[in-house]
Amino acid sequence: MIKVEHLTKRYARNVAVNDISFEVEKGQIVGFLGPNGAGKTTTMRILTCFMPPSDGSAQVAGFDVIQSPMEVKRRVGYLPETPPLYPEMEVSEYLLFVGKLKGLGGNELKRRVDDVAGRCAVGDVRNKLISKLSKGYRQRVGLAQAILHNPEVLILDEPTSGLDPKQIIETRELIQQLSGDHTIILSTHILPEVEQICQKVIIIAQGKVVATDSVHNLTNRMRGSETVNVEVESRNGPLELTSVQQRLEQVAGVSRVLHKETRDSRLTFEVESLQGRVIRPEIARAVVESGWNLNELHTAAISLEEIFLQLTSVDAAKEAKQ
Amino acid sequence: MKNILVIAAKEINSYFRSPIAYGLMAFFALIAGYFFWFSTAFFVQRGMESQMTGRSFPMDVNEWVIRPVLSNISVIGLFLIPMITMRLFAEEKRSGTIELLVTSPIRDWEIILGKWLAALLMYAAILAVALVNMLILFAYGSPDWKPMLIGYLGLLLQGGALLALGTFISNTTRNQIVAGVATFAICLLLWVLDWVTSFETAAWAKVVGYMSVLTHFEPFSKGVIDTKDVVFYLSLIFLGLFLTARSLESLRWRS
Ligand SMILES: Nc1ncnc2c1ncn2[C@@H]1O[C@H](COP(=O)(O)OP(=O)(O)OP(=O)(O)O)[C@@H](O)[C@H]1O
Ligand SMILES: [Mg+2]
C-alpha cells in the first residue's frame, strides 16, 4: 500500500531524511517511532505530497507521489502535527469545507460529516467556534478532518498528543477500528501506544531507519538472553543460601545466578539464561521439587522503551549509517 | 471551477467573520463620502458663480464630480488593498492550514485563483459602498452612466492587478503584518512612479512612468477604454498570480 524507496530529503543546511526504505501492507497499522527531529514529520509530508523528496521515490496506494500527486491526495487522509484548523469557523462548517475540498458533496457530504463527528466525539461541539475549543477537542476535529473522505490511507502525525488519558484510549480504539479497511501510519513518542495498537514499528533516528519489524519480533530479537527474578521461601525452618543457589545453577540453560536479598525466610535471586533459552519452567520445577515455596517468578521484560533507547542512541544511528 | 468557488467562499466568509471587512467599508464610506461632498459642493459653487457673473461654465457632472471622485477612489484603493491581501496566504502558513490545502486533491492554481477572486469581490464590495453617493447624482441630475461604468471597470482592473501582487507578497511570508507593509510599499511605489514623467522626459522615464498603475487609470476615469491599459492591468494580474504559483511551488521544495 505504501512503498518508500531510498527516500532522501535535504533542507538547505541539513539532511532530514537520509535514504530510508520501508513498505506497509494494506490494512496494517504501522507505528513511526523516533526521537525529536528524527524525520518523522518530514517523511509524512512527503507521503502526503506536501513536499517532494530530494531523492528516491514513494508510492502510496499504487501511485507515485511525484508523478500522480492528485491520485495520491485523493486517497490519503492526513492529520498534520498541528491540526489544520480555521479558528473563525464553527466545527461543522469546517468539516463541510474540508469535505468539499476533498471532493465530497450533497447528501454524501452531510452523511460523512455526521458520521465522523460521531466517531471522533465532536458532536457536542458542532456549533462551537473552533477558536473556543480546548486542545483535545481541536485534536479530535483534526482527526475527524483526516478520516472525512474515508481515505484508503491514513497518515497521522502524533494523533494522541494533547489528549486526556480517557481520550487517548478512545482515540486508540478508533484507530484500531479504522484499520482493516484503512492502512494507517502514525507517528508517536509514546511507546506503549505502539505496543498496543501497531502491528509493525519503524524506528528512525537522525533520518535513518534503525529497525523495522513487528512489535513482537522486535522485542524478542532484542531480548536474546532472558533475565528472571525468582523468590524462594522455605516451608519449614530457615533456608540455606548456598544450597538454593547451587540448585538454581544446576538448572539447564542457566548461565548465572545472583543473590539479591534475604528477608526472613525468603531469598531473592536474579537468574540469567544462556542466549535464546527459556528457563522459567525448569526453574519452577527445580524449586518445587526441592520442597521450597516458589513465591515469585517473572521475566525482567525488556520493554520497547529500552529497545528504543538502545536503537536511537547516537552511536546506534552511526552504526546503522555505516 | 468548483474548487475555486469553494476556496473563494471560505475566504469571503472569513473576511466577514473578522472586523476587517466592516472596518474597511466604514472607513471607505467615510472617505469616499467626503470626496464626493467636496466635489459636489465645489461643482455647485462653480455653477452658482457662473450664473451670477453670467459667464458660461460647462455644467458637466461627469467631468466635475464623477471623474475626480473616481480618481480619488483609485488612490484610496492603494491603501485598502494591502489590508485585503495581507492575510490570504501568510495566515495559512502561520497556522499550518496550508498543509490541509496543499494536501487536498485540488490544484495550486485553484487555491490561488479562489483567494484572488475572493479578494477582488471584497474590494468590489467596498467600492460598492461609494456607489450610493453616485446614485444620489442620478436622483437629482442626469449624468452619463457609461463613463461611470467604465470608471468602475478601471477601478476593478487596477484593484485586480494590485490584489494579485498582494497575493504574491502574502505568499512569501508567514507574517501578515510584514505582508501588509510590503504590499503597501509596492502599491505606493507603483503610484509615485508616475511622478518621474513630470520632470524627466527621457525614454527611461517614459518606461518607468508606464509602470505606474495610476497613469493607466486616467483614461478609465474619463470614460475611455484603451486596450493598452486593459492589457497592462491584465498582464499585471497574470504576473502576480504567476509569481504566487511559483512561490507556492518553491515553498514546497524548500520547507
Ligand atoms: N522547514 C525546515 N527547514 C529546515 N530544516 C527543517 C525544516 N523542517 C524540519 N527540519 C529539520 O529536519 C529534521 C527532521 O525534522 P522532523 O520535523 O521531520 O522531525 P520529527 O521526527 O517530526 O520530530 P518531532 O518528534 O519533534 O516532531 C530536523 O533536524 C529539523 O530541524
Ligand atoms: Mg514531527
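For clarity, every value in this text was computed on a predicted model and none was experimentally measured.

As for a nonpolar patch on the surface
The grouping of Tyr34(B), Trp37(B) and Phe38(B) at the surface amounts to a nonpolar patch, some 400 Å² of accessible area in total. Structurally, Phe38(B) is set in helix α2 (residues 19-53).

Structural notes on the domain arrangement of chain A
Looking at chain A, the domain boundaries give domain 1 (2-221) and domain 2 (225-299). Taking the mean C-alpha position of each, domain 1 of chain A and domain 2 of chain A sit 47 Å from one another.

Digging into the coordination of the magnesium ion (ligand 2)
All names here are of chain A. Only Thr41 (OG1) and Glu81 (OE) from the protein reach the magnesium ion (ligand 2) as donors, at distances of 1.9 to 2.4 Å. Placement of Thr41 in helix α1 (residues 40-47) and of Glu81 in the loop between β6 (76-79) and α3 (91-101) is noted, with a sequence separation of 40 residues between them. By relative accessible area, Thr41 is classed as buried at 16%. With relative accessibility at 38%, the residue Glu81 sits in the partly exposed group.

Quick notes on the packing of aromatic side chains
Going through the model one piece at a time under the given rule, you end up with 11 aromatic pairs over all chains. Ring centres of Phe217(B) and Phe220(B) lie 6.5 Å apart, and the angle between their planes is 25°; this geometry places the pair in the stacked category. Placement of both Phe217(B) and Phe220(B) in helix α11 (residues 213-221) is noted, with a separation of three residues, approximately one turn of the helix. Joined through ring pairs, the aromatic side chains of Phe217(B), Phe220(B), Phe232(B) and Tyr233(B) make up one cluster. When the ring centre of Tyr137(A) is taken as origin, the NZ or CZ atom of Arg140(A), which lies over that ring, is 4.0 Å away.

Some words on the pattern of salt bridges
The tally for this structure, following the rule as stated, stands at 24 salt bridges over all chains. Across the salt bridge formed by Arg10(A) and Asp55(A), the nearest N and O atoms sit 3.1 Å from each other. Highlighted residues: Arg10(A) in strand β1 (residues 2-10) and Asp55(A) in strand β4 (residues 55-60), separated in sequence by 45 residues. A relative accessible area of 43% means that Arg10(A) is categorised as partly exposed. Residue Arg75(A) pairs with Glu152(A) through a salt bridge whose shortest N-O separation is 3.5 Å. You can see Arg75(A) sitting in helix α2 (residues 69-75) and its partner Glu152(A) sitting in the loop between α5 (135-147) and β7 (153-157), a full 77 residues away along the chain. Connected through salt bridges with shared partners, the residues Lys10(B), Glu11(B), Arg87(B), Glu92(B) and Lys115(B) form a single ionic network.

Quick word on the interface of chain A and chain B
As a measure of interface size, the accessible area lost when the parts come together is often cited. Each partner contributes to the interface: chain A provides 27 residues, whereas chain B provides 24 residues. Surface buried jointly by chain A and chain B totals about 2600 Å² across both partners, of which 61% is contributed by carbon and sulfur atoms. Along the contact surface separating chain A from chain B lie two salt bridges. Linking chain A with chain B are seven residue pairs in polar contact (both at pLDDT 80 or more), by the criterion used here. Taken together, the residues that form the side of chain A that touches chain B break down as 17 nonpolar, two polar and eight charged.

Digging into the site of ligand 1
All names here are of chain A. Contacts to ligand 1 come from 14 residues, most closely from Gly37, Lys40, Thr41, Thr42 and Glu81. Within the backbone of Ala38, a nitrogen or oxygen atom sits 3.2 Å from an oxygen atom of ligand 1. The side chain of Glu81 places a nitrogen or oxygen atom 2.5 Å from an oxygen atom of ligand 1. Burial of ligand 1 by the surrounding chains reaches 68%, relative to a free accessible area of 630 Å². In terms of residues, the shell around ligand 1 owes the most to one element, α1, which gives three residues. Each residue belonging to the shell around ligand 1 can be placed in one class, and the counts come to three nonpolar, eight polar and three charged.

Quick word on the sheet that holds β4(A)
Residue and element names in this part refer to chain A. Strand order in this open sheet of four strands is β2-β1-β4-β5, and the pairing throughout is antiparallel. Here the strands that pair on one side only, and so sit at the sheet edges, are β2 (15-24) and β5 (63-64). In this sheet, β4 lies alongside β1 in antiparallel orientation, the contact comprising five bridges. By the bridge assignment for β4, Val4 is matched with Ala58. On the sheet, α1 packs against β1, β2 and β4 and is oriented at approximately 120° with respect to β1.

About the cut-offs
- Residues numbered from 1 in each chain as written.
- Chains lettered and ligands numbered in written order.
- Predicted model: local features only at pLDDT ≥ 70, side-chain atom pairs only at ≥ 80, totals over all residues.
- Heavy atoms only, no water.
- Patch = residues over 30% accessible without salt bridge, like charges linked within 9 Å, V, L, I, M, F, W, Y side chains within 5 Å.
- Areas by Shrake-Rupley, 256 points an atom, 1.4 Å probe, with all protein chains shown as cover.
- Salt bridge = Lys/Arg side-chain N within 4 Å of Asp/Glu carboxyl O.
- Helix = DSSP H or I, 4+ residues; strand = E, 2+ residues; numbered from the N terminus.
- Domains from an automatic or database assignment.
- Donors = N, O, S within 2.8 Å, 3.2 Å for Na, K, Ca; no water.
- Buried < 20%, exposed > 50% of the residue type's maximum accessible area, 1.4 Å probe, protein only.
- Phe/Tyr/Trp six-rings, centres within 6.5 Å; stacked < 30°, edge-to-face > 60°.
- Lys NZ or Arg CZ within 6 Å of the ring centre and 35° of its normal.
- Contact = heavy atoms within 4.5 Å.
- Buried area = accessible area lost by both parts, 1.4 Å probe.
- Polar contact = N/O pair within 3.5 Å; in protein donor to acceptor, adjacent residues only side chain to side chain.
- Nonpolar A, V, L, I, M, F, W, Y, C, P; charged D, E, K, R; others polar.
- Near = heavy atom within 4 Å.
- Pairing = 2+ DSSP bridges.
- Axes fitted to C-alpha atoms, helices over the stretch in contact; angles between N-to-C directions.

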